[in-house]
Amino acid sequence: MSQLNQGLTLFLSLLVEATPFLLLGVAFSSLLAVLVDERKLIAYTPKNPVLAAISGSLFGCLFPVCECGNVPVARRLLMQGAPSALAIGFLLAAPTVNPIVFWATWVAFRDQPAMVFWRVGLTILISVTIACVFSVQKDMRPFLQPAIARYLPNPDPKPEPALVGSGSSLLSGGDFLLQSTGTLKLDQPMMATLGATTALPQQSWHDKAQAVLEMMLQEFRELGAVLVFGSAIAATVQVAIPREWILALGQGPITSILAMMLLAWVVSICSTVDSFFALSFSSLFTSGSILAFLVFGPMIDLKNISLLLTTFKGRAVMYLFVLAAQLTFVLTLAVNSYTSW
Amino acid sequence: MSFDRTARRTYRRWRLPLDRVALALMAGLLVLAALLVLLGDHAGARVQQFSWQERSVGAENVAFTLTFTRPMDPDSVEANLQITPDLPGRISWAGRRLAYTLDAPIPYGESYAVTVPEARDRFADADDEMQFEPFEGNFQSRDRAIAYIGSEGAEAGRLMLSNFSQEAAAVPLTSPDWQVLDFEPYPLGDRLLFSAISAIEGDPATAPPAAELYAVATGLAPLPPEDTVNSDRTVSFAPGEMGAVTPILGSNGYQNLAFDLSPDGQTIVVQRVNQANPADFGPWVITEDNAPRPLDTEPGGEFLIGPDSASLLMLQGQGTAVIPLDPDASATATAEPLDFLPEFGRVFDITSDGTAAAMVNFNQNDPERRFVETLVLVTSQGEETELLDATGSIISAEFDPTDRILYVLASDLLPSEEYQEQPFLAAIALTDEPQPLRLLNFPPQARVSMDVSPDGLAAILAVALSPDDNPANERVQTVLLPLFQTTEQRLAGVPTVTEPNILSLAGQQPTWLP
């Protein structure tokens, strides 16, 4: 009974903590979809995959979201036709590389200000590396869930005449917004709309606001349900595997890194507050293992894997997860073994 | 759907560029991780920060901290931590930070070295070679120095500084044009606040010389460590070239009588009387940022600023009042006393934590003891403990810096026909049953002043005697009295009788710099 209580408390606290950030992420995503002309977005994003990855990982400074809010924004970036390096860089780095997390880490580790710089530096390094790996795939569609993939333009237009001339758009599924000037298909990729028509129908601010609101509601319903599911799994695992067991695993310089990474993955704590959580372990663990907790936790955790699966196929999530874990382990072990601060 | 079919086909073949690159990188990282694990740990732990490094430490600094880069094995650090010369204390840990709390105030005038030649972090195996960057840190305690008002020859009336730690001759701080009346050091010993009258002013009959207040730099500029215990405590600190004088308060038609400097050095209270209107009499408050203002309270006698630097203890009427110094509290209305202790006619000293005070009861309500003065310890809870009866008078009393011993200067009435008092110095250990221990008896009718050093190791006394009871022929002798014989006595707070040393310098009111 007490375990049920504990599980319920954990579940609700994860949900309460994550929901506002998911809402924020959904709001950013909807604003991005309706208000940002993606011709401009594409024009402004760097073509070089490394530069795209770097700019993606710095995007978090503009959209301060944690690891629940970043998924809808990254998904939207992909759907809007942004380079995959940019979207992946944003997905992995935004929860850490943003002003709120800077400040929280600075306050928590006042005695070790270097922690802030290591945290941000390693996060950017890992995000850019993984984003570059993903950028080798020109056509991301095989790695995305079909619902997302079908909005993506084909980078090589020859073999697939796809959407142009595919008959009445009303025959396909999706969300539509009925308005006086005609029907606007909300989840239609803008590129496709542009391919068919030369200009967007002029919308009034009122229409745009309504579109943003509707899109927010729809995305929030969809991702909120997934978040509930993810939080439930994370709470169950935490009840089944007590934190003490995980911490007991890490008594050596190497195992302590693994233990803290496992802890970060299981507790699924939001990146805006995790530094205070980690601080309580700083007297028992090496700086490197605390750093592993702070770098790995915001990238991938038990709770947001379900959110990632709404966008990416299992194989891509596996790559994200394994590469992030391996890079975190190797880099923080190097920090532990070769630096002292 | 042709797209789905193609995707499934390519998926089966695992030939997409992302698969190839990701799998290759994963394999590479696996090798790299294995390599790192095999190469082992190359960055030992080290001391990241030592809070007293290159600092001048005073009696108010009770603990230093050593912060390590890794969680340490406490036993290995505690076994290897060495302080030379020895400085007894207790070790406590908070995470990766070690705190060393001294058992007694640090002895002044010493240089210390803190070393941790080897230690083990929490993750190292017991049989591993120790990977620890040996640590060596240094700090000093402040100089042992006294200031006094010279009494002989060219020193007469001048403020003098004698620094025992630098073994230099006493140097004058003020010019011979001033006759110094009284002085008090600022909390870090960087300056002395003094009152003086001009020694060369015209006819004293027409214009009586009025005392003015100045601050003079001692030339000492100790760099204090950051106070980790009271981090919000700031003290006045403005070192300057030795002898540089700053005016603090002119006369402006007033006579400046007694004054007191607050423990934080930021507030001065001066008793002033209007030369034209003697009814205009009372304490004035000077703070660093504000112009002098009169404190609106009943006129009173002797006074003392409390250890919190925010209240004034003043003899008013038949007792002692505690008056707030806060300008907000007294700007609107008369400063109401916070407390009034009707029985006690005098306050000598307050413990550093403000919980107890040494006061005198003149026994005016007790006909049998009317001619006996009683020294009483009064706690903030109102408990009163009688410490000492004196048939002569109680001259002064001062707490040891640990607040465990009270040193008292008092006098006995000698059984002879003419009225003669014999002063003595006694130490009272503030235990459950305090018993005075006489440390030193002085010649009859001697005028004695006393000051206990900030580290509590010695007292400096000025003994003034005149062969014919004429103050003009007074000769002053300065005596240094060690207060303990062994470190054990000092740590236990047990007063002991020791041999006094007579110093070659001669001056009134010798006072230790804090």
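Residues numbered from 1 in each chain as written. Chains lettered and ligands numbered in written order. Predicted model: local features only at pLDDT ≥ 70, side-chain atom pairs only at ≥ 80, totals over all residues.

**Description of the overall build of chain A**
From N to C terminus, chain A includes 16 helices and two strands. Every one of the 341 residues in chain A was classed for burial, and the buried ones make up 51%. Of the contacts formed within chain A by residues at least 6 apart in sequence, a portion of 81% connects residues at least 24 apart. (Helix = DSSP H or I, 4+ residues; strand = E, 2+ residues; numbered from the N terminus. Buried ≥ 20, exposed ≤ 12 C-beta atoms within 10 Å, placed from the backbone. Contact = placed C-beta atoms within 7 Å.)

**Thoughts on the packing of helix α1 (residues 2-35) of chain A against helix α10 (residues 205-240) of chain A**
Residue and element names in this part refer to chain A. Relative to each other, α1 and α10 sit at 155 degrees, their axes nearing to 7 Å. If you check the angle between α1 and α10, you find them roughly antiparallel. α1 and α10 meet at a crossing whose hand is right-handed. Split into classes, the residues belonging to the contact of α1 with α10 amount to 25 nonpolar, nine polar and two charged. (Axes fitted to C-alpha atoms, helices over the stretch in contact; angles between N-to-C directions. Parallel < 35°, antiparallel > 145°, perpendicular 65-115°, else oblique. Left-handed = near helix turned anticlockwise from the far one by under 90°. Nonpolar A, V, L, I, M, F, W, Y, C, P; charged D, E, K, R; others polar.)

**Section: the interface of chain A and chain B**
Contact with chain A, which involves 32 residues of that partner, is made by 29 residues of chain B. Of all the secondary-structure elements, those providing two or more residues to the side of chain A that touches chain B are α7 (114-135) and α16 (314-338) of chain A. With eleven residues, α16 of chain A is the single largest residue contributor to the side of chain A that touches chain B. Per-class residue counts for the side of chain A that touches chain B are 19 nonpolar, ten polar and three charged.

**Focus: the sheet that holds strand β36 (residues 507-512) of chain B**
Residue and element names in this part refer to chain B. One open sheet accounts for four strands, arranged β11-β10-β9-β36; its pairing is antiparallel. Because the sheet does not close on itself, it has two edges, and the strands there are β11 (171-172) and β36. In this structure, strand β9 (residues 145-150) lies alongside β36, joined through four bridges in antiparallel fashion. Bridge assignment links Gly150 to a residue of β36, and that residue is Gly507. (Pairing = 2+ DSSP bridges.)

**A closer look at the confidence of the model for chain B**
The predicted coordinates should not be examined in detail at positions where pLDDT is low. For chain B, per-residue confidence averages 85 on the pLDDT scale, and 90% of positions sit at 70 or higher. The complex prediction reports pTM at 0.76, with the ipTM value standing at 0.81. (pLDDT = per-residue confidence, 0-100.)

**Let's talk about unusual backbone geometry**
Residue and element names in this part refer to chain B. With an omega of -10 degrees, the peptide bond between Thr84 and Pro85 qualifies as cis. With respect to the helices and strands, the residue Pro85 is situated in the loop between β4 (82-84) and β5 (89-94). Positive phi outside glycine occurs at Glu54, with the angle close to 55 degrees. The topology assignment puts Glu54 in the loop between β1 (47-50) and β2 (56-57). Backbone geometry at Asp403 places phi at a positive 65 degrees, although glycine is not the residue there.

**A few points about α1 of chain A**
Between its first and last C-alpha, α1 of chain A extends 49 Å over 34 residues, near the 50 Å set by a 1.5 Å rise per residue. Of all the bends found along α1 of chain A, the most pronounced is centred on Ala18 of chain A and spans about 30 degrees, while Pro20 of chain A, a proline, follows it within four residues. (Expected span 1.5 Å × (residues − 1). Bend = angle between axes of the 7 residues up to and from the residue.)

**What to know about the sheet that holds strand β35 (residues 501-503) of chain B**
Residues and elements named next belong to chain B. Pairing is antiparallel across the open sheet formed by four strands, whose spatial order is β32-β33-β34-β35. Both edges of this open sheet fall to β32 (447-452) and β35, since each of them pairs with a single strand only. Direction aside, the axes of adjacent strands within the sheet are offset by 25 degrees on average. Here three bridges tie strand β34 (residues 475-482) to β35, and the two strands are oriented antiparallel to one another.

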